[in-house]
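Residue strings, one per chain:
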Amino acid sequence: MTDTLNKSVPSKSQRIQAGLAKRYRAEKRFRLYGIAAIAAPISFLAIMLVVIGSRGVGAFQQTYAQLSITFDEQYITDNDWQGIVKASLRETFPDVSARRDKKKLYKLMSSGAGFDLQAMYKIDPTLLGQTRTVWLPMSDDIDMLMKGKIDRALAEGDRRVSDKELVWIDHLIANDVIDLQFNTRFFTSGDSREPELAGIAGAFMGSILSLAVCFILSFPLGVMTAVYLEEFAPKNTWTYIIEVNINNLAAVPSIVFGLLGLAIFLNFFMLPRSAPLVGGMVLALMTLPTIIIASRAALRAVPPSIREAAYGMGASQVQTVLHHVLPLAMPGMLTGTIIGMAQALGESAPLLMIGMVAFIVDIPGNFTDPATALPIQIYLWADSPERAFSERTAAAILVLVGFLIMMNLIAVIVRKKFERRW
Amino acid sequence: MEISIHTEVPTTARIDEQTLSQPHKVSAQGVNVYYGDKQALKNINLDIASNMVTALIGPSGCGKSTFLRCLNRMNDVVDGCRVEGLITLDGEDIYGRGVDVVHLRARVGMVFQKPNPFPKSIYDNVAYGPRIHGLAADRGALDDMVLHSLERAGLIDEVRDRLDAPGTGLSGGQQQRLCIARAIAVEPEVILMDEPCSALDPIATAKIEELIDDLKQNFTIIMVTHSMQQAARVSQKTAFFHLGELVEQGDTTDIFTKPEDERTQAYVTGRIG
């Protein structure tokens, strides 16, 4: 009786065996979920980078035409530099005679071509009266056509380039005087109404200046606040209230900080509008909670045994913090700061409120010059109707992403350097 | 059972007349310690003789570490900790008005349960105390202090050619001796040791015990230990704590061979604890 019972009931090890297979399956499944969870964001990121990259990479090149330019004294004294370009075009296409056609012909070249000539002449005044072959930028529509973004097969009325213009372009192509060249202007000039003349340098400088102000303000303030709250402040209701408020500040929508900047910095303290100084101050307000929270976490992660060792040696509280706790917490604090700065770099809403959304052609040279920032430049370009601005928008995003990667790299390097102190 | 423990007591545990006649280095009178509402120590009266090793023994949570940490005011940084009563060092109240904790801790050094060298070089670890207290006149004097302290801690031969290496890279036993070297570099009068060997293997433990035995010529040592054999081996005086009370104190030999209190008897023979 007992024998048959024993046989029908599986032994303990058999039960465990049966359970093990199930357990292994569950483990394998769980791992797969994890891999899938990682793969999804990575593929999104890859798709985003590929799409933006393929769109934006065109902006790093610009269509140039080689023209034979005569630095005619008459035009130069009239300060009509574009006139020189027009004269050269008339020479290249002598059979264009109608007034309307001539106007179209002039539009082949960018309105910035004249500025290029002016710059050339400024460097070398001996050019007066001489004739040179010069590569000059073409207009944005021709640029788009050359980059294949305008379909020649469309009916004439549906495309931005007319049949006549196509003939002229084909003539230039046949003579091999039209070419895509590296677009240095994109990296060296400020914003412009003309896509082929617009550059990222102004917004880039604006971002750098704002971030510099932001860092100078928020890093020392944030670290000092964190050190005081974590190491020195008594644990009472007041510090608790402050703590809760700091945590809440981290979740306040950034445009609120912009409103605060508008009300306090601009209207009350009368600081200049659209200035990186004010932009940096507003961004610092926004970054502070992030830095404080990360710094406090870093301080809390320092093992208590190190503090005890220092106190046991007779170190004062300040000595303990400065000699032992702060160096050990610094890598964590820097990580928090970089996260905060990266957020600030990508932030546009608070800057809108303090006037950094203006169309600014000049590259800002100091903290009070009117400026804009990279994300706002992206927004402005994305909003522009010209076809060529869409590739510039993508290119500006690439610059912004590159900037972010650079910041993070610097953070990693700095952190590693600090960590080498064991 | 008692006899076997007696035979383990080494000759160092014998107390000669001279040390007996020496005055009390540290004295606690009517000490009560509270953590918030909870009373951790109840009316402790304990005198500690100079140039001897005093072992504080007792089961976990009995308050021996708390008492030890009162002696250099390490409890000051613990929130909600309150110390009542009188603790004197050379007759001076260490909780008195004019007493500076920094100065007190330069006189009463401490070695912790887990070796906790600073994440700095071996040299900087030992030099830290002299540096913050401004004890060394110049670099040469500091070098001498560091080397001398490492020598006294019995570590010098192992680290002589790598003083710039991180202190955290040493083995556990070496780290603990480094911590002892760090503590003695400021020439304290009393060294508190909180279970200094509990994280170490028997060989490292033996080295530390040997070192403690040497150090008692120059320092007054108070150590907390969980190992009764260790207390018997290295200490001359023993105090037995139980549930926040000081149950019995006296010569180590007496505590282990003829304890007066039943609880002491039970603890040293391994029946409670």
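Definitions and limits used
Residues numbered from 1 in each chain as written. Chains lettered and ligands numbered in written order. Predicted model: local features only at pLDDT ≥ 70, side-chain atom pairs only at ≥ 80, totals over all residues. Heavy atoms only, no water. Pairing = 2+ DSSP bridges. Helix = DSSP H or I, 4+ residues; strand = E, 2+ residues; numbered from the N terminus. Salt bridge = Lys/Arg side-chain N within 4 Å of Asp/Glu carboxyl O. Buried < 20%, exposed > 50% of the residue type's maximum accessible area, 1.4 Å probe, protein only. Contact = heavy atoms within 4.5 Å. Polar contact = N/O pair within 3.5 Å; in protein donor to acceptor, adjacent residues only side chain to side chain. Nonpolar A, V, L, I, M, F, W, Y, C, P; charged D, E, K, R; others polar. Patch = residues over 30% accessible without salt bridge, like charges linked within 9 Å, V, L, I, M, F, W, Y side chains within 5 Å. Areas by Shrake-Rupley, 256 points an atom, 1.4 Å probe, with all protein chains shown as cover. Core = buried A, V, L, I, M, F, W, Y, C linked by side-chain atoms within 4.5 Å. 1 Å grid on protein atoms, 1.4 Å probe; cavity = no way out; pocket = protein on both sides within 12 Å on 5 of 7 lines; lining within 4 Å. Points joined across faces, edges and corners; volume = space filled by probe spheres on them. Phe/Tyr/Trp six-rings, centres within 6.5 Å; stacked < 30°, edge-to-face > 60°. Domains from an automatic or database assignment. Buried area = accessible area lost by both parts, 1.4 Å probe. Axes fitted to C-alpha atoms, helices over the stretch in contact; angles between N-to-C directions. Left-handed = near helix turned anticlockwise from the far one by under 90°. Parallel < 35°, antiparallel > 145°, perpendicular 65-115°, else oblique.

Quick look at the sheet that holds strand β2 (residues 38-49) of chain B now. All names here are of chain B. Strand order in the open sheet formed by 4 strands is β2-β1-β4-β5, and the pairing between neighbours is antiparallel. Bordering the open sheet on either side are β2 and β5 (92-93), each of which pairs with just one other strand. Here strand β4 (residues 81-89) pairs with β5 via 2 bridges, running antiparallel. Looking at β5, one finds that T88 is bridged to D93.

Overall, the coordinates contain 32 salt bridges over all chains when judged by the stated rule. Connected through salt bridges with shared partners, the residues D143, K147, K149, E391 and R392 of chain A form a single ionic network.

Here the focus is unusual backbone geometry. Residue and element names in this part refer to chain A. Positioned with a positive phi, M270 is a non-glycine residue whose angle comes to about 60°. Looking at the element boundaries, M270 is found in the loop between α12 (254-268) and α13 (276-300). Classification of M270 as exposed rests on a relative accessible area of 63%. Positive phi, close to 60°, is recorded for S274, a residue that is not glycine. Its place among the elements puts S274 in the loop between α12 and α13.

A separate point is the interface of chain B and chain A. Contact residues are listed per partner, giving 25 residues for chain B and 18 residues for chain A. Applying the counting criterion to the chain B and chain A interface returns 1 salt bridge. With a shortest N-O distance of 2.7 Å, R69 of chain B and E308 of chain A are connected by a salt bridge. Here chain B and chain A share 7 residue pairs in polar contact (both at pLDDT 80 or more) between them. Among the secondary structure elements, those contributing two or more residues to the side of chain B that touches chain A are α4 (101-107), β6 (108-111), α5 (122-133) and α8 (172-184) of chain B. When residues of the side of chain B that touches chain A are assigned to their parent elements, the largest contribution, 4 residues, is made by α5 of chain B. Among the residues forming the side of chain B that touches chain A, the class breakdown is 14 nonpolar, 5 polar and 6 charged.

Next up on the list: a nonpolar patch on the surface. Residues W238, Y240, I241 and V244 of chain A make up a contiguous nonpolar surface patch of about 460 Å² in total accessible area. Here Y240 of chain A lies in helix α11 (residues 237-249).

Residues and elements named next belong to chain A. Counting 37 residues, the largest nonpolar core has F186, I200, L211, L351, I354, L374 and W381 as the members making the most contacts within it. Going through the elements one at a time, α10 (201-232), α12, α13, α15 (317-345), α17 (374-382) and α18 (387-419) are the ones with two or more residues in this core. Element by element, the count of residues in this core is highest for α18, at 7 residues. Setting aside residues up to four positions removed in sequence, L374 forms contacts with I200, A203, F204, S207, V399, L400 and F403. Formed by 36 residues, the second largest nonpolar core is a distinct cluster that contains A65, L89, I169 and A388.

Residue and element names in this part refer to chain B. Along the chain, Y95 falls in the loop between β5 and α4. For the pair Y95 and L71, spaced 24 residues apart in sequence, the C-alpha separation works out to 9.4 Å. For Y95, the contacting residues outside a window of four places in its chain are C70, R73, D76, V83 and I87. Reaching out from Y95, the side chain makes a polar contact with the backbone oxygen of C70 at a distance of 3.1 Å.

Here we take up empty space enclosed by the protein. Where empty space is left can be seen by rolling a probe of water-molecule size over the atoms. Residue and element names in this part refer to chain A. Following the criterion strictly, the structure yields 3 cavities of 30 Å³ or more and no others. Here the largest cavity defines a volume of roughly 40 Å³. Taken together, S207, S210, L211, L283, A344, L345, E347, L351, A373 and P375 form the lining of the largest cavity. Contributions of two or more residues to the lining of the largest cavity are made by α10 and α15. In terms of residue count, α10 provides more of the lining of the largest cavity than any other element does, 3 residues in total. Among the residues making up the lining of the largest cavity, the classes are represented as 7 nonpolar, 2 polar and 1 charged.

Let us look at the packing of aromatic side chains. Residue and element names in this part refer to chain A. In this structure the tally under the stated criterion is 14 aromatic pairs over all chains. A ring pair is formed by F204 and F403, whose centres lie 5.0 Å apart and whose planes are at 35°; its orientation type is tilted. Placement of F204 in helix α10 and of F403 in helix α18 is noted, with a sequence separation of 199 residues between them. Residue F204 is classed as partly exposed on the basis of its relative accessible area, which comes to 26%. Centroid distance F268 to F269: 5.1 Å. Interplanar angle 85°. Geometry classified as edge-to-face. Here F268 matches F269 in class, with each residue exposed.

It is worth spelling out the environment of M223 of chain B at this point. All names here are of chain B. Along the chain, M223 falls in strand β8 (residues 220-224). Expressed as a C-alpha distance, the spacing of M223 and D79, which sit 144 residues apart in the sequence, is 24 Å. Not counting the four nearest positions on each side in its chain, M223 is found in contact with V53, T54, A55, L56, M193, P196, I212, Q230 and V234.

Quick look at the domain arrangement of chain A now. Residues and elements named next belong to chain A. Taken domain by domain, chain A consists of domain 1 (11-57), domain 2 (60-183) and domain 3 (201-418). Between domain 1 and domain 3, the C-alpha centre-to-centre distance is 35 Å. Listed by partner, the interface residues are 6 residues for domain 1 and 6 residues for domain 3. Together domain 1 and domain 3 conceal approximately 460 Å² of surface at their shared face, both sides included; 82% is due to carbon and sulfur atoms. The largest share of the area that domain 1 buries against domain 3 comes from I52, R55 and G56, three residues that together contribute 72% of it. Summed over the shared surface of domain 1 and domain 3, the result is 0 salt bridges. The residue inventory of the side of domain 1 that touches domain 3, partitioned by class, reads 3 nonpolar, 2 polar and 1 charged.

Here we take up the packing of α10 of chain A against α18 of chain A. Residues and elements named next belong to chain A. For the pair α10 and α18, the least separation of the axes is 12 Å and the interaxial angle reads 35°. As for the relative orientation of α10 and α18, their crossing is right-handed in sense. Taking contact as the criterion, the partners of F204, S207, I208 and L211 in α10 are, on α18, V399, F403 and M407.

Residue and element names in this part refer to chain A. The geometry of helix α2 (residues 12-56) relative to α18 is characterised by a closest axis approach of 7 Å and an angle of 125° between their N-to-C directions. Of the possible angle classes, the one that applies to α2 and α18 is oblique. The two elements α2 and α18 cross, and the hand of that crossing is left-handed. From α2, L49, I52, G53, R55 and G56 reach across to α18, where they touch E391, A394, A395, I397, L398 and V401.

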